[in-house]
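Per-entry structural report
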Amino acid sequence: MIGDRIKKARTSMNISQTDLANRIGVSKQTLYKYENEIVTNVPSDKIEALSAALGVSPAYLMGWEESDDQDTFPPLTAAEENHMRKYRKLSDTNKVRIDERIDTLLEEEREELKRVSAS
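Keep in mind that what you see is a predicted model, and the values were worked out from it rather than measured. (Residues numbered from 1 in each chain as written. Predicted model: local features only at pLDDT ≥ 70, side-chain atom pairs only at ≥ 80, totals over all residues. Heavy atoms only, no water.)

A closer look at the environment of Asn82
Locating Asn82 in the fold gives a position in helix H6 (residues 78-89). With a relative accessible area of 31%, Asn82 lands in the partly exposed category. (Helix = DSSP H or I, 4+ residues; strand = E, 2+ residues; numbered from the N terminus. Buried < 20%, exposed > 50% of the residue type's maximum accessible area, 1.4 Å probe, protein only.)

In structure tokens, the structure reads:
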């Protein structure tokens with residue numbers, strides 16, 4: 001189940017096994033084992049990394065909820081489509097760098113929201 005969900009989310013985002021493996025800090029072979037359920041006890045830190053990289057919840061990956069929430073997003077704007085076209089032209093290395101920067105920005109926004117809420 002978890003392997004099918006990882007693969008479904010990865011292929012729907014048009015991400016290679018190599019790229020996803022790099023994003024979550026495992027080898028391509030390990031990701032292959034996750035997707036083909038050769039390894040069924042995926043470490044929790046890898047579940048978290050996979051969910052962040054794939055834009056799905058850990059609960060979805062684990063099979064605890066049915067929806068992957070990908071259908072709840074509105075259609076892409078013209079600017080978002082333009083970003084995606086540019087992103088797809090990047091090397092895998094630069095895609096990883098962009099993904100890491102986006103994660104950093106999101107974390108900074110979460111921290112700012114926490115500070116504003118606390119005051």
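Now, onward.
Considering the packing of helix H1 (residues 2-12) against helix H4 (residues 44-54)
Viewed as axis vectors pointing N to C, H1 and H4 meet at an angle of 30°, and their least axial separation amounts to 10 Å. In terms of orientation, H1 lies roughly parallel with respect to H4. Between H1 and H4 the crossing geometry is left-handed. Mapping the contact onto sequence places Ile2, Ile6, Ala9 and Arg10 in H1 and Ile47, Leu50 and Leu54 in H4. (Axes fitted to C-alpha atoms, helices over the stretch in contact; angles between N-to-C directions. Parallel < 35°, antiparallel > 145°, perpendicular 65-115°, else oblique. Left-handed = near helix turned anticlockwise from the far one by under 90°. Contact = heavy atoms within 4.5 Å.)

Things to note about H1
Listed as buried for H1 are Ile2, Gly3, Arg5, Ile6, Ala9 and Arg10. Down the axis, H1 shows its buried residues gathered within 165° of arc, on one side only. Considering only its buried residues, H1 is in contact with helix H2 (17-24), helix H3 (28-35), H4 and helix H5 (58-62). Directly beyond the C-terminal end of H1, a positive phi value near 60° is found at Asn14. (Arc of directions from axis to C-beta.)

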